[in-house]
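# Fold and geometry: a report
Spelled out from the first residue to the last, the chains are:
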Amino acid sequence: MIDTDPGIDDAVALLLALRSPELHVEAVTTVFGNHDIATTTDNALALLALAGRPDIPVGQGAARPLARPFLGHREEVHGARGLGGAPLPAPQSAPVTQPAHELIIDRARAHPGELTLVAIAPLTNLALALQAEPRLPQWVARVVLMGGAYTRPGNITPLAEANVYHDPEAAAQVFAAPWSVHALGLDVTLQATLEQADIARFGTRGTPVADFVAAALPFYQQFYRARKGQPATPMHDPAAIAYTLDQSLFQMRLARVTVDQSDGPRRGHIQTTLEVAPDDAHLHIVTHIDLPKFRALLAERVQ
Ligand code: BDR
Ligand code: CA
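Residues numbered from 1 in each chain as written. Chains lettered and ligands numbered in written order. Predicted model: local features only at pLDDT ≥ 70, side-chain atom pairs only at ≥ 80, totals over all residues. Heavy atoms only, no water.

Let's shift gears to the site of ligand 1. Around ligand 1, a shell composed of Asp 9, Asp 10, Asn 34, His 78, Ile 120, Met 146, Asn 155, Glu 161, Ala 162, Asn 163, His 236 and Asp 237 is seen. At 2.6 Å from an oxygen atom of ligand 1 is found a side-chain nitrogen or oxygen belonging to Asp 9. Within the contact set of ligand 1, an oxygen atom lies 2.9 Å away from a side-chain nitrogen or oxygen of Asp 10. Computed on the free molecule, ligand 1 has an accessible area of 280 Å², of which 95% lies beneath the protein chains in the complex. Of all the elements in the fold, those that place two or more residues in the shell around ligand 1 are α1 (8-18), α7 (162-166) and α12 (236-245). Classifying every residue of the shell around ligand 1 gives three nonpolar, five polar and four charged. (Near = heavy atom within 4 Å. Polar contact = N/O pair within 3.5 Å; in protein donor to acceptor, adjacent residues only side chain to side chain. Areas by Shrake-Rupley, 256 points an atom, 1.4 Å probe, with all protein chains shown as cover. Helix = DSSP H or I, 4+ residues; strand = E, 2+ residues; numbered from the N terminus. Nonpolar A, V, L, I, M, F, W, Y, C, P; charged D, E, K, R; others polar.)

Here is the structure:
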């Protein structure tokens, strides 16, 4: 199940998952983050229509963090409607009546030990699911998440990564729960980049999916170039799908973490202890990616 706030990199992540025959996407759940909940849900439905998969259930989730109001979307990162102004077909389906956290519980209960929760957005829906059903960790095979900055600075603040910063209380609950968590933070996702030539190649495929990606990515590329001074464009969320598909592309370390939930400049910062004993750890921090293989995977699948 993919919990997402599309978002340009979320869109590429969803399309990578939908075009990967090894994965069965059981459902998509949406949350506020890159945009408000109505827009992220609409974007998820439209992306499923684009990929020809309107049959996949979509559960609309949280409109705001557990403890705070939503700070509002940042148009400069993902564009006015969250997808860089790229044209998309109209949604061909509507969200199911169950809210996201209930859909997560429902599907986990129905498939005990089989489900990977891939969370590429603020962790509010996962925290709500944990609160509503304490047995959830027994049923979920593992959680793969994009979020955090463990050994390097943040992106939304000097100390915090955006998905964790948007709801540190939720992140703390997800890290504390007794399930296996595999976390891809900025440490690895800033390595998972595309160059201009990789982006341009999507425009030569002649498929609706590749055309959409070629139209959406330049906005994200421009944000990273102009605002962050980064020539290559990070694919944060697609890295989490790639990890779910093929862990052999990555290196990781066991860790223990504490999420800062205070007000002020440290909010969302993650204090990280690496090298904990295996008995003492259920958290894997992903540290390195095989970049040529990641780029090849995206080029081969996203079309
Ligand atoms: C994360 O924040 C969002 O803007 C992206 O979609 C990604 O999930 C990166 O910090
Ligand atoms: Ca995201």
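Resuming the write-up.
Okay, the nonpolar core next. The nonpolar side chains of a soluble globular protein tend to be buried with one another. Core analysis: the biggest nonpolar cluster contains 58 residues, and Leu 15, Leu 184, Phe 212, Leu 217 and Phe 250 have the highest contact counts within it. Residue contributions to this core peak at nine residues, all from α1. Residues contacting Leu 15, with those up to four places away along its chain left out, are Leu 47, Leu 50, Ala 51, Val 209, Phe 212, Val 213 and Val 302. (Core = buried A, V, L, I, M, F, W, Y, C linked by side-chain atoms within 4.5 Å. Buried < 20%, exposed > 50% of the residue type's maximum accessible area, 1.4 Å probe, protein only. Contact = heavy atoms within 4.5 Å.)

Let us now look at the coordination of the calcium ion (ligand 2). At this site the calcium ion (ligand 2) is bound by Asp 5 (OD), Asp 10 (OD), Asp 10 (OD), Ile 120 (O) and Asp 237 (OD), with donor distances of 2.3 to 2.5 Å. Site description for the calcium ion (ligand 2): donor spacing in sequence, D-x4-D-x109-I-x116-D. Here Asp 5 is found in the loop between β1 (2-4) and α1, whereas its partner Ile 120 is found in the loop between β4 (115-119) and α5 (124-132), with 115 residues between them in sequence. Classification of Asp 5 as buried rests on a relative accessible area of 0%. In this structure Ile 120 comes out as buried when scored by relative accessible area, which is 0%. (Donors = N, O, S within 2.8 Å, 3.2 Å for Na, K, Ca; no water.)

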